[in-house]
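Examination of the molecular architecture
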Amino acid sequence: MPSTTSPLTFDIKPSANPLPEADRLKAFESLGFGTLFSDHMAVIRWSEGKGWHSAEVTARAPFPIDPASSILHYAQEIFEGMKAYRTADGRAVLFRPEENARRFNESARRMAMPELPEADFLAAVEKLVRIDARWIPQGEGSSLYLRPFMFASETFLGVRPSREYIFCVIASPVGPYFKGGAKPVSIWVSQDYTRAAPGGTGAAKCGGNYAASLVAQAEAYGKGCDQVVFLDAAEHKWVEELGGMNVFFVMADGSLVTPPLGGTILPGITRKSLITLAHEEGITVEEKPYSFAEWKADVASGKLKEAFACGTAAVVAAIGMVKYPDGEFQISDGQTGPVTARLRDALIGIQRGQSNDRHGWLHTIAGV
Ligand code: PLP
Ligand code: COI
């Protein structure tokens, strides 16, 4: 697919109506997840023949959408999730943003969408954070969640890849993803629904995967659980991932087990980072299929001591309780275990600039 030569030049158009500072400070007193948005957005357009063009940072505003726009019919859409943090020494940093840029293009390829040069993806994110730097919250557990996304915008009802797309980045100051904050979460093991089949779109971060997960997530809420965990589509046996997070198991010998990447689960950047940190701490990590039957048996026998979910939004969240149609079990004492806590602290320490960024994972945004 044609692409412009990188980097694009962005037209910077500051909002004429930024939120008054007093209102922003008031809103920052009770940060949830994904309800509050910054003043601006970054936008880049793509059309066949022209490639990427019209890059701008402008006041956040609705898009006019034709009722026949292909996104509304065939859901050709992908997104990313990443965070900007304010470090103790005052820098604005992104955590491994080049990993998001790369995964975005992997998702684009799977969804027959044009790839965005990584430099343009990163420039769009950086320019938005720069203009909206006052929207990065300072408090522990809070950050500026960034949501890059791309959708098909051609007015056409035929089923084929769109010939026009809009790429956009919006920013949302957030607190903890789960209402309970850092408390362990409870999860519901879906028996009736699966998330992704072999050959499907499970490894892509496309909106359709989340649409397909919502009925199972609603079932989880109905059972009093925070999140749903999916089993594999072929055998309904192997643990895959949660609706919006990867999963790890901590065994009694201190080793970790996590489901392997095989096309049906999202290759999480948090997952990858935790595997690196675990190795550094001398912890063995096995990426191998692990069944729900084994999970139950290993909790009962004491072979499994902890389990946790991980992702950009939730960071690391201990799993305290597991429910399924025939019963439920608690993991150890239902609290955050020592290995989960150690890995979570190691990751957060780097993300917030409190410990040595020995892997060069932080990307400092200059001039903020
Ligand atoms: N799995 C799913 C389905 C997700 O939505 C996410 C969140 O982005 C993850 C896993 C974790 O990925 P990451 O750590 O890159 O945020
Ligand atoms: C993220 O962690 O960024 C996610 O995408 C999970 C969810 C908010 C969709």
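In this text the structure is predicted, and so the values were computed from the model without any measurement.

Right, let's get into the UniProt feature "modified residue: N6-(pyridoxal phosphate)lysine" (unreviewed entry) in the protein chain. Under the present numbering, the feature "modified residue: N6-(pyridoxal phosphate)lysine" (unreviewed entry) in UniProt falls on K205. Along the polypeptide, K205 turns up in the loop between β9 (185-189) and α5 (207-222). The class of K205 is buried, set by a relative accessible area of 9%. With residues near it in sequence (within four places) discarded, K205 still touches I78, F79, E80, G81, R103, S107, Y210 and L266.

Among the nonpolar cores identified, the biggest contains 41 residues, and I44, F121, L146, M150 and F167 are the most heavily contacted of them. Elements with a minimum of two residues in this core: β2 (40-47), β3 (51-59), β5 (82-86), β6 (92-95), α3 (97-110), α4 (118-131), β7 (143-152) and β8 (164-174). The next biggest cluster of nonpolar side chains, apart from the first, holds 27 residues, and it includes F178, L304, I319 and Y324.

Attention now moves to the site of ligand 1. Taken together, 17 residues sit near ligand 1, with R103, Y210, E241, T270 and T312 positioned nearest. In the model, an oxygen atom of ligand 1 is placed 2.8 Å from a nitrogen or oxygen of the I269 main chain. In the model, an oxygen atom of ligand 1 is placed 2.5 Å from a nitrogen or oxygen of the T270 side chain. Burial of ligand 1 by the protein amounts to 96% of the accessible area it has alone, namely 380 Å². More than half of the atoms of ligand 1 fall within 2 Å of the grid points belonging to the largest pocket. For the shell around ligand 1, the per-class residue count stands at six nonpolar, seven polar and four charged.

Entries for the protein chain in the domain assignment read domain 1 (11-175) and domain 2 (185-351). Placing a centre on the C-alpha atoms of domain 1 and another on those of domain 2 gives a separation of 27 Å. Each side of the interface is counted separately: domain 1 has 20 residues, and domain 2 has 20 residues. Buried surface at the junction of domain 1 and domain 2, summed over both partners, amounts to about 1,700 Å²; 59% is from carbon and sulfur atoms. Sorting the residues of domain 1 by area buried against domain 2 places F79, F95 and R103 first, and these three jointly supply 35% of that buried surface.

In the vicinity of ligand 2, the contacting residues are F79, G81, Y145, R147, Y177, K205, Y210, G244, T312 and A313. Contact between ligand 2 and K205: an oxygen atom at 2.7 Å from a side-chain N or O atom of the residue. Burial of ligand 2 by the surrounding chains reaches 89%, relative to a free accessible area of 280 Å². When atoms are counted within 2 Å of each cavity's grid points, the one that captures over half of ligand 2 is the largest pocket. Residues belonging to the shell around ligand 2 are distributed by class as follows: five nonpolar, three polar and two charged. Mapped onto the domain boundaries, the shell around ligand 2 takes at least three residues apiece from domain 1 (11-175) and domain 2 (185-351).

Turning our eyes to something else, we now look at the packing of aromatic side chains. Within this structure, the stated rule accounts for 20 aromatic pairs. Pairing F33 with Y177 gives two aromatic rings, centres 4.7 Å apart and planes at 80°, and the pair type is edge-to-face. Highlighted residues: F33 in the loop between α1 (21-27) and β2 and Y177 in the loop between β8 and β9, separated in sequence by 144 residues. Classification of F33 as partly exposed rests on a relative accessible area of 25%. Overall, the relative accessible area of 33% leaves Y177 in the partly exposed class. A connected cluster of aromatic rings, assembled from ring pairs, spans F249, Y290, F292, W295, Y324 and F329. The ring of F28 has R24 sitting right over it, with the charged end atom 4.7 Å from the ring centre.

Basis of the calculations
Residues numbered from 1 in each chain as written. Chains lettered and ligands numbered in written order. Predicted model: local features only at pLDDT ≥ 70, side-chain atom pairs only at ≥ 80, totals over all residues. Heavy atoms only, no water. UniProt positions renumbered as here; feature names shortened; annotations may be inferred. Helix = DSSP H or I, 4+ residues; strand = E, 2+ residues; numbered from the N terminus. Buried < 20%, exposed > 50% of the residue type's maximum accessible area, 1.4 Å probe, protein only. Contact = heavy atoms within 4.5 Å. Core = buried A, V, L, I, M, F, W, Y, C linked by side-chain atoms within 4.5 Å. Near = heavy atom within 4 Å. Polar contact = N/O pair within 3.5 Å; in protein donor to acceptor, adjacent residues only side chain to side chain. Areas by Shrake-Rupley, 256 points an atom, 1.4 Å probe, with all protein chains shown as cover. 1 Å grid on protein atoms, 1.4 Å probe; cavity = no way out; pocket = protein on both sides within 12 Å on 5 of 7 lines; lining within 4 Å. Sits in = over half its atoms within 2 Å of the grid points. Nonpolar A, V, L, I, M, F, W, Y, C, P; charged D, E, K, R; others polar. Domains from an automatic or database assignment. Buried area = accessible area lost by both parts, 1.4 Å probe. Phe/Tyr/Trp six-rings, centres within 6.5 Å; stacked < 30°, edge-to-face > 60°. Lys NZ or Arg CZ within 6 Å of the ring centre and 35° of its normal.

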